[in-house]
Amino acid sequence: MPASPPRDRFRAEIAALRACAVLLVVLYHLWPGRLPGGYIGVDVFFVISGFLITGHLLRETADTGRIDLARFWARRARRLLPAAYLVLATSALAVWLWMPLATWRQNFTEVIASALYVQNWALAADSVDYLAADADPTAVQHYWTLSIEEQFYLVWPLLVLLATVLAVRLGRSHRLMVGIVLGTATVASLAYSLWITQANPPAAYFVTPARAWQFGAGALLALVMGSATVKRGGPTFLLSWAGFLTLAWCGLNYDETTPFPGTAAILPVVATLAVIWAGEPTGRLSPTPLMRWRGTHTLGEISYSMYLWHWPPIVILPYVLGHELGFGPRVGILVFTIAAAWATKRWVEDPVRFTHRFGLRKPAITGLATLGGAAVLVSGCLVGHQTAVAAEERAGRVAEKLVEDAPPCFGAAARDPEKPCHNPELDDQLVPSPEAVAEDYASGYPGCFAGVHDTELNDCTFGDLSDTSLPHVTLLGDSHARSFLPALVRMADQKLITLSAQLKSSCAWTRDEIEHEDPLRVSTCQEWKDNLQTWLLERAPQTDLILTTGYAKMLTGSRQERVESMEAVWRPVLDQGVRIVAIRDNPRLPKSPQKCLSQLDEITPDACAVDRDKALGHFDAFLATGKHIDGAQALDLSEFYCDRETCPAIIGGVNVYRDITHLSVTYVRTMTPYVYRRLVGMGALPRPS
């Protein structure tokens with residue numbers, strides 16, 4: 001039986017806010033279209049934590065004149081870690097049992113990051129990693145908020161302790177010094193949050209300094225409310241209702257396009273502060289009866305475990321069912337979440353939190369138990385992670401061998417316009433496998449690809465550039481152009497061409513800015529393109545052909561403006577006598593083919609194909625510009641990706657796509673002879689002697 005909790009005063013407004021916060025998050029994840037701004041529930045939790053923890057620290061310093069850091073951290077560990085580690089272990093086991101091997105590496109990596117409470121930093125790094133940004137969410141992605149909370153619990157008492165020491169040494173009021181120290185930290189964090197939300201929105205959502213001010217806001221409220229000279233008055237019930245209604249309004253009106261946290265986060269933070277300040281107002285129109293309702297109280301009590309349990313089944317259950325979640329399974333997840341949270345609170349959280357057995361009340365024992373639990377989780381996940389890595393490496397070796405010694409009709413050979421063919425022996429083949437294809441990109445040429453925020457040009461050449469008998473080709477563009485690099489390198493190795501490459505993430509060769517939520521990525525792209533234009537004009541006499549393509553979706557402006565944007569930077573190079581061939585952008589898929597392929601019991605040639613109109617129906621400015629501008633040409637390779645009706649995920653036994661927007665390098669390598677033949681046939685390259 002669980003131990004009896006201490007008889008702390010029940011705060012109905014805190015319970016109600018917790019219930020509101022967890023419902024916002026859970027309903028948002030289950031029905032994002034109905035509650036697009038439900039993610040603000042996380043901000044409510046942050047404010048509550050700042051308020052409660054700071055209030056506790058202030059009372060401790062008032063009573064004892066000091067802060068027992070070891071005791072504080074041990075108490076937080078007993079409160080949070082048992083349920084957190086239980087859900088992590090359960091999620092890791094579920095990943096092992098039900099999710100395909102293709103998902104293991106990322107899932108187990110994030111379980112480890114979550115167990116060590118650095119998940120938010122891992123996600124921040126992925127958010128600016130061009131190759132990881134489009135990855136499917138993992139079963140423990142929601143632990144980023146808990147990581148921020150734990151980091152807050154680690155640092156915040158040190159700030160209060162610093163203020164206490166300063167108060168003693170300077171002979172100042174303790175409360176005044178705490179206010180100065182915490183206020184300075186809060187204002188600095190808010191300023192940083194406003195800046196990084198504009199400068200780097202993907203990372204801003206996850207990094208701790210951009211969120212610390214929300215804890216700080218709650219902390220400053222605790223400081224104010226703890227002062228004997230501050231009295232609440234007036235119609236506080238209106239303030240309370242205004243706070244709850246504001247949270248509801250944010251949940252309904254914010255969405256994924258809202259820059260966040262930034263200024264948008266101020267409104268839910270202020271609303272939360274208003275509800276806490278109002279407390280339990282009296283009167284006929286007061287929300288207090290609703291806040292004290294047993295259902296509200298229960299949801300508030302189990303809100304932490306509800307948050308932990310709700311997300312893993314959203315990610316894992318589709319793999320178990322074999323299809324996306326419908327209304328029934330989503331309702332089932334909601335019921336499961338409430339039941340699992342209640343059971344966890346009853347038999348895991350409270351027993352560990354309030355027990356006097358096994359010496360767990362001692363900080364040292366709590367610390368050892370924490371290290372032991374983390375070690376077990378990390379060790380188990382390392383096994384799963386290494387299993388996935390080994391499978392990826394084996395699949396990669398198989399793919400490399402097949403490309404070098406290809407069987408008949410392998411890959412693009414099955415689509416040879418002059419001699420299409422079919423090899424029945426490849427019908428059940430899939431190379432690279434879904435678990436390996438995520439790593440199937442042009443990683444062997446790190447010096448050829450500028451990073452998302454780089455502005456310097458690359459030093460990337462292949463072949464003997466002094467051999468003027470060979471045409472010199474320059475490849476320009478973003479990661480879609482990068483996919484063609486291995487094919488062109490093979491041509492250089494075969495002494496058909498010499499090659500230079502200037503490639504940069506999210507940066508096609510156009511005049512106008514790209515469409516991206518990261519302003520720094522946009523501005524550095526413009527600077528990189530300015531440097532590129534100078535470089536191209538300087539090397540025009542030694543350049544015979546420029547090949548360029550990119551992610552057509554990221555271009556801005558109307559159709560005519562996109563063509564004009566390309567023409568503006570292409571024309572000066574064309575006037576120098578350099579040929580330009582624009583490659584039509586590759587298909588853009590509506591959903592991940594790898595998720596579909598990884599769930600198949602049997603591989604068939606038509607498995608996971610998508611409708612041609614959905615994949616190629618968008619306007620392609622590269623194709624249009626290549627056809628429109630005198631001196632330029634367009635290379636449409638769509639016949640190698642699609643037939644008249646569909647775009648297969650598997651062609652000639654080869655896995656065509658790395659993700660929804662990128663081709664696999666294995667497939668592009670099989671296209672090498674056909675790309676060369678097309679370039680020769682259109683006169684862009686001379687016929688070999």
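Residues numbered from 1 in each chain as written. Predicted model: local features only at pLDDT ≥ 70, side-chain atom pairs only at ≥ 80, totals over all residues. Heavy atoms only, no water.

## Quick word on the environment of Val111
- Within the secondary structure, Val111 is located in helix α4 (residues 104-115).
- Along the chain, Val111 and Leu88 lie 23 residues apart, while their C-alpha atoms are 6.5 Å from each other.
- Look past the residues within four positions of Val111 in its chain and what remains in contact with it is Leu88, Ala92, Val140 and Cys381. (Helix = DSSP H or I, 4+ residues; strand = E, 2+ residues; numbered from the N terminus. Contact = heavy atoms within 4.5 Å.)

## Here's the deal with the pairing of strand β3 (residues 472-477)
- Most of β3 sits inside the fold, with six of its six residues counted as buried.
- The two faces of β3 match: His472, Thr474 and Leu476 on one face and Val473, Leu475 and Gly477 on the other face are all buried. (Buried < 20%, exposed > 50% of the residue type's maximum accessible area, 1.4 Å probe, protein only.)

## Some thoughts on the side chain of Arg584
- Looking at where Arg584 falls in the secondary structure, it is placed in the loop between β6 (579-583) and α22 (593-598).
- Arg584 gets classed as buried once you look at its relative accessible area, which sits at 14%.
- Within the structure, the side chain of Arg584 is placed 3.3 Å from the backbone oxygen of Leu616, a separation counted as a polar contact.
- At a separation of 3.1 Å, a polar atom in the side chain of Arg584 contacts the side chain of Asp636.
- Ignoring sequence-local partners within four residues, the contact set of Arg584 consists of Thr549, Leu616, Asp620, Leu623, Leu635, Asp636 and Ser638. (Polar contact = N/O pair within 3.5 Å; in protein donor to acceptor, adjacent residues only side chain to side chain.)

## Topic: unusual backbone geometry
- Residues Phe260 and Pro261 are joined by a peptide bond in cis, for which omega reads 10°.
- Here Pro261 lies in the loop between α10 (236-253) and α11 (266-278).
- Cis geometry is adopted by the peptide bond preceding Pro432, which originates at Val431 and carries an omega value of -5°.
- Structurally, the position occupied by Pro432 is in the loop between α16 (363-404) and α17 (434-437).
- Here the phi dihedral of Tyr117 falls at roughly 60°; this positive angle occurs in a residue that is not glycine.
- By the secondary structure assignment, Tyr117 is in the loop between α4 and α5 (119-127).

## Describing the pattern of salt bridges
- In the structure shown here, the tally under the stated rule is 15 salt bridges.
- Across the pair Arg79 and Glu349 runs a salt bridge whose closest N-O atoms are separated by 2.6 Å. Of the two residues, Arg79 sits in helix α3 (residues 69-98) while Glu349 sits in helix α15 (residues 327-354), which places them 270 residues apart along the sequence.
- In this structure Arg79 comes out as buried when scored by relative accessible area, which is 13%.
- Under the relative-accessibility criterion, Glu349 is labelled buried at 2%. (Salt bridge = Lys/Arg side-chain N within 4 Å of Asp/Glu carboxyl O.)

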